[in-house]
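Here's the letter readout for the chains.
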Amino acid sequence: MHGFKPSTLKYLRAESFSEKAKFSGTKFSISEIIKFDPDSSDGPLYVTMEKVMDAVSGAREILISVPFLLYNCTGFSLALSTSVNEMKEHNCVIPSCYNLDELNVNACLFSPDPHLYSGEVMVKLSRYLPSVMENFPKLSWSTPFSLVPSTGSTSVLVPQPSIASGYVLSVSATTASFSGRTKMITFQPRYVIANACSKNLCYKQKGTDFPFVLGAGKHSHIRWMDTTRELLLSVRFDEPGWEWSGCFLPEQLGDTQVKARNYLTTALSMMCVEVRSADISVGEEKIVGSTSGNSGTNLILLSDDETGFMPYRIDNNSRE
């Protein structure tokens, strides 16, 4: 295989094969795990080879499979490690699908040493930064999590090196349609914010002073600047005089409104905030909202509210 040194598979003669193999229906079969050592510093790959022989015709076939196919649907490369108790070199680098030229997305083969895992496979994630990988800070890795979540999907915080910020990723697992032995693991943003307003916006996490500009018609993977604080967002227009709106929770599905005020012109503007499940098409970089999808990603859609309706109004008619 490309990127790995060659490995040898031995196929026994028909007489010896039938004596050692399992018989089912009209076929004999034996499963064997072959180790492929890498050409680079990445870890080895353990591939399952099922050797099958037809009892009537003697025809032989080899079924090749790995337990995991990894898909990185974020905007940056990831490093995955199975060394959950101590720091060692990462086992696998998963390039971002957005950086690939092909229209059919390529998966990264992943298979840890089967002698070390009898059941649940625990891993860690980090951003892959080649310039600092040799002296990678321990705090740059996520906390260990199961590669196959019991609920089908889970959220994982991937911290940034040396600072308190990070990205929240959604990790989902499904069984491959072409092989019941293989799990398809998808890493994608947990929160994506999209600007459907007529003006450019700025957004930031509550309690931080690190705003991000989001152009009209653009979307972005949300980066949390302080992972010790609540995951609450505030927005404003990217023009002079506009103050920050009230906060909203990107975890809670549904619609709400936020008010933006300009202290220079005294203008008021309402924005509609829709939080829904999202299905992301990587190839065309489109985001399609879905009220019942299981993508694991929440889409935060900001749009102009021109109805003039304000859900709450408080008038102080007293003298205090």
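If you're wondering where the values come from, they're calculated on a predicted model, not measured in any experiment. Going along each chain's sequence as written, the residues are numbered from 1 onward. Confidence filtering applies because this is a predicted model: local features only for residues at pLDDT of at least 70, side-chain atom pairs given and counted only at 80 or more, and all residues used for totals across whole chains, interfaces and linings. Side-chain measures were taken over the full set of non-hydrogen atoms in the model, leaving aside hydrogen atoms and water.

1. A few points about unusual backbone geometry
Phase 1 of the analysis: Phi at Thr266 is positive, roughly 60°, even though this residue is not glycine.
Phase 2 of the analysis: Strands here are runs of E lasting at least two residues and helices are runs of H or I lasting at least four, both read from the DSSP assignment and numbered beginning at the N terminus. Among the secondary structure elements, Thr266 is positioned in the loop between strand S20 (254–261) and strand S21 (268–281).
Phase 3 of the analysis: With a 1.4 Å probe rolled over the protein chains alone, any residue whose accessible area is under 20% of its type maximum counts as buried; one over 50% counts as exposed, and the rest are partly exposed. Given the relative accessible area of 62%, Thr266 is considered exposed.

2. Details of the sheet that holds strand S1 (residues 22–24)
Phase 1 of the analysis: Taken in spatial order, the 4 strands line up as S1-S2-S3-S4 in an open sheet, and their pairing is antiparallel. The open sheet has two free edges, formed respectively by S1 and strand S4 (60–65), since each of these has just one partner strand. Shown here is a sheet whose adjacent strand axes are inclined to one another by a mean of 30°, direction ignored. Pairing between strands requires that DSSP locate at least two bridges from one strand to the other. Lines fitted to C-alpha atoms define the axes, with helix axes restricted to the stretch in contact, and inter-axis angles between N-to-C directions lie between 0 and 180 degrees.

3. Side note on the nonpolar core
Proteins that are soluble and globular tend to have nonpolar side chains buried together.
Phase 1 of the analysis: We call a set of buried Ala, Val, Leu, Ile, Met, Phe, Trp, Tyr and Cys residues a nonpolar core when their side-chain atoms join them within 4.5 Å. Counting residues in each nonpolar core, the largest one holds 22 residues, and the members touching the most others are Leu70, Leu80, Ile94, Leu125, Leu147, Ile185 and Phe187.
Phase 2 of the analysis: Looking at this core element by element, the count peaks at 4 residues for strand S12 (residues 166–175).
Phase 3 of the analysis: Residue contacts follow a heavy-atom distance rule, with two residues in contact if any of their heavy atoms lie within 4.5 Å. Apart from residues no more than four positions distant in its own chain, Leu147 is found in contact with Phe68, Leu80, Phe110, Val121, Val123, Ala173, Ile185 and Phe187.

4. Digging into the side chain of Asp226
Phase 1 of the analysis: Inspection of the secondary structure assignment puts Asp226 in the loop between strand S18 (223–224) and strand S19 (233–237).
Phase 2 of the analysis: Polar contacts here mean pairs of N or O atoms no more than 3.5 Å apart (in protein, one a potential hydrogen donor and the other a potential acceptor; neighbouring residues in sequence count only if both atoms are side-chain atoms). There is a polar contact of 2.4 Å between the side chain of Asp226 and the side chain of Thr228.
Phase 3 of the analysis: At 3.1 Å, the side chain of Asp226 forms a polar contact with the side chain of Arg229.

5. A look at the environment of Phe110
Phase 1 of the analysis: For Phe110, the position within the fold is in strand S8 (residues 108–110).
Phase 2 of the analysis: Judged by its relative accessible area of 5%, Phe110 falls in the buried class.
Phase 3 of the analysis: When the C-alpha atoms of Phe110 and Phe68 are compared, they prove to be 5.2 Å apart, with 42 residues separating the residues in sequence.
Phase 4 of the analysis: In contact with Phe110, not counting residues within four places along its chain, are Leu45, Val66, Pro67, Phe68, Leu70, Leu80, Thr82, Asn91, Cys92 and Leu147.

6. As for the pairing of S19
Phase 1 of the analysis: For S19, a buried count of 5 out of 5 residues is recorded, marking the element as mostly surrounded by other parts of the structure.
Phase 2 of the analysis: In S19, alternate side chains face the same way, and those of Leu233, Val235 and Phe237 on one face and Ser234 and Arg236 on the other are all buried.
Phase 3 of the analysis: Of the strand pairs in this sheet, strand S15 (residues 201–205) and S19 are connected by 5 bridges, and their pairing is antiparallel. Residue pairing for S19: Gln205 is matched across the bridge by Leu233.

7. A few points about the side chain of Ser303
Phase 1 of the analysis: Mapping Ser303 onto the fold places it in strand S23 (residues 297–305).
Phase 2 of the analysis: For Ser303, a relative accessible area of 15% puts it in the buried group.
Phase 3 of the analysis: Here Ser303 is in contact with Ala196, Cys197, Met271, Cys272 and Glu274, once residues within four sequence places are set aside.

8. Focus on the environment of Tyr71
Phase 1 of the analysis: Mapped onto the elements, Tyr71 comes out in strand S5 (residues 68–72).
Phase 2 of the analysis: For Tyr71, a relative accessible area of 17% translates into the label buried.
Phase 3 of the analysis: Sequence-wise, Tyr71 and Leu109 are 38 residues apart; in three dimensions their C-alpha atoms are separated by 9.3 Å.

9. Focus: the pairing of S15
Phase 1 of the analysis: Among the 5 residues of S15, 5 are classified as buried, and the element is accordingly described as predominantly covered.
Phase 2 of the analysis: Two strands pair when backbone bridges link them, and S15 and strand S16 (residues 212–214) are joined in this way by 3 bridges, in the antiparallel orientation. Residue pairing across strands places Cys202 opposite Val213, the latter belonging to S16.

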